[in-house]
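# Observations on chain architecture
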Amino acid sequence: MYNNVVYCGYLRFFERGLQIMVGDLHCHTKLSDSSMGIDDIIILAQKRGIDTIAITDRDCQAGTVRAKITGERKGVTVIPGVELSAYDSKRDRYAEIICYLPDYPDRLEGLCRRNIEVRKRASHLMTIKVARQYPISPELVTKSATGSTAVFEQHIMHALIECGFTDKIFGSLYTKLFTKESEENVLSTAKFPEPSEILEAIHEAGGIAVLSHPGYRDSFELLDELIPLGLDGVEVWHPQNTAEQQEKLIKTAKKHGLLTIGGTEFRGMYSHDTVCIGDVTTPEASVKALLGYKTKQKKKNAAKAK
């Protein structure tokens, strides 16, 4: 019997031969909170038979052009995107909204810069707190974050691994340091814009707004609030969305005409789960719906205007 990963690899190649679009529409690179560079991610996707991926770095669009060029060389369609950080103050938790295919990506640059600065300040405070408990230097953390636009929790954990205090990114030490439930946490809240502000900014940039991993963030109430504000889609398929949550999200999407998106949120060795590109994908019909969404909306708006 084939193991699951090998079987999935053969299945992807088979599907590609039938011209079926297989999309992993949530991938991060070293520019944000991943351990892998753009070229390596695209080559990995190619070797796994993944036709389409989306580069959705956190608050960073810098890799979009390079990803598109590399993708064309490797036969992988790269959908431009960016995962924008938000803070849901009503429920005191973070949220993320992915912007796909913005017509005017430059309009998001100011927002990205502000979010990066907010993250940098919060990360600096967390690094100092960790350094009081463990003999690591801020310089080592910065070195671990080389190539990224900011320091993320994974980079701090990387430094702790380097110094021999743990052997994994997400384990008991991560839980101790970076979860609210832990009395010893070093968390520093980064006050990003409200989700409604992020949604508005995406639409001003001519982008498609999709709420990220509502299962992981427990963002179902937020989802209900964003739908009347013009949310375009929701991430249904994600390593941390349960089967029951997926079913619930599909029903919600059908009821409100939302796009349904899926992906691994791949971050290399910094991924929360043991996951490879293509382990979680967006079905062909949903990939096509995303790519044709703006044209469909323009026709719908034109018909209303008559």
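Figured I'd write up the structure that's included with this text. (Residues numbered from 1 in each chain as written. Predicted model: local features only at pLDDT ≥ 70, side-chain atom pairs only at ≥ 80, totals over all residues. Heavy atoms only, no water.)

### Re the overall build of the protein
On a plain count of helices and strands, the protein comes out with 13 helices and seven strands. In summary, the protein has a C-alpha radius of gyration of 19 Å against a globular reference of 19 Å for 306 residues, a match within 12%. With the principal axes as the frame, the protein shows a C-alpha extent of 65 × 50 × 35 Å. The 306 residues of the protein split such that 53% are buried. Sequence separation of 24 or more characterises 74% of the internal contacts of the protein that already satisfy a separation of 6 or more. (Helix = DSSP H or I, 4+ residues; strand = E, 2+ residues; numbered from the N terminus. Rg over C-alpha atoms; globule rule 2.2 N^0.38 Å. Buried < 20%, exposed > 50% of the residue type's maximum accessible area, 1.4 Å probe, protein only. Contact = heavy atoms within 4.5 Å.)

### A word on helix H2 (residues 38–47)
Looking only at H2, the buried set comprises Ile38, Ile41, Ile42 and Ala45. The arc that holds the buried residues of H2, viewed along the axis, is 95 degrees, so those residues lie on one side. Looking at the buried side of H2, the elements it contacts are strand E2 (52–55), helix H3 (64–74) and strand E3 (77–88). After H2 finishes, the residue glycine 49 shows a positive phi value of roughly 75 degrees. (Arc of directions from axis to C-beta.)

### Digging into the sheet that holds strand E1 (residues 23–27)
Ordered by their spatial adjacency, seven strands build an open sheet running E1-E2-E3-E4-E5-E6-E7, and the pairing between neighbours is mixed. Edge positions in the sheet fall to E1 and strand E7 (259–262), since each of these pairs with one other strand and no more. Adjacent strand axes in the sheet meet at a mean angle of 35 degrees when their direction is disregarded. With three bridges joining them, E1 and E2 adopt parallel strand pairing. (Pairing = 2+ DSSP bridges. Axes fitted to C-alpha atoms, helices over the stretch in contact; angles between N-to-C directions.)

### Remarks on unusual backbone geometry
Although it is not a glycine, aspartate 92 adopts a positive phi angle of roughly 55 degrees. You can see aspartate 92 is positioned in the loop between E3 and strand E4 (93–100). Residue classification places aspartate 92 among the partly exposed positions, given a relative accessible area of 41%. Unusually for a residue other than glycine, aspartate 218 sits at a positive phi of about 55 degrees. Examined against the element boundaries, aspartate 218 turns out to sit in the loop between helix H9 (214–217) and helix H10 (220–226). For aspartate 218, a relative accessible area of 44% translates into the label partly exposed.

### Comments concerning the pattern of salt bridges
All chains considered together, the criterion is met by 20 salt bridges. When the shortest N-O distance is used, the salt bridge between glutamate 225 and arginine 91 registers 2.8 Å. Residue glutamate 225 is located in helix H10, and its partner arginine 91 is located in the loop between E3 and E4; the two are separated by 134 residues in the primary sequence. On the basis of relative accessibility, which here comes to 32%, the residue glutamate 225 falls in the partly exposed class. On the basis of relative accessibility, which here comes to 14%, the residue arginine 91 falls in the buried class. Each member of the salt-bridge network shares a partner with another, and the members are Asp33, Arg58, Glu96, Arg217, Glu265 and Arg267. (Salt bridge = Lys/Arg side-chain N within 4 Å of Asp/Glu carboxyl O.)

### Quick notes on the packing of aromatic side chains
The description of an aromatic ring pair uses the distance of the two centres, along with the angle that the planes make with each other. Inspection of the entire model under this criterion finds five aromatic pairs. Aromatic ring contacts, followed pair by pair, group Tyr87, Tyr94 and Phe192 into a single cluster. Here the basic side chain of arginine 107 rests over the ring of tyrosine 104, its NZ or CZ set 4.1 Å away from the ring centre. (Phe/Tyr/Trp six-rings, centres within 6.5 Å; stacked < 30°, edge-to-face > 60°. Lys NZ or Arg CZ within 6 Å of the ring centre and 35° of its normal.)

### Topic: the environment of isoleucine 116
Of note, isoleucine 116 is situated in helix H4 (residues 109–133). According to the relative accessible area criterion, isoleucine 116 is buried, its value standing at 13%. The spacing of isoleucine 116 and arginine 58 is 58 residues in sequence and 8.8 Å in space, taken between C-alpha atoms. For isoleucine 116, the residues in contact, after removing those within four places along its chain, are Asp59, Thr149 and Ala150.

Keep in mind these values describe shape, not function.
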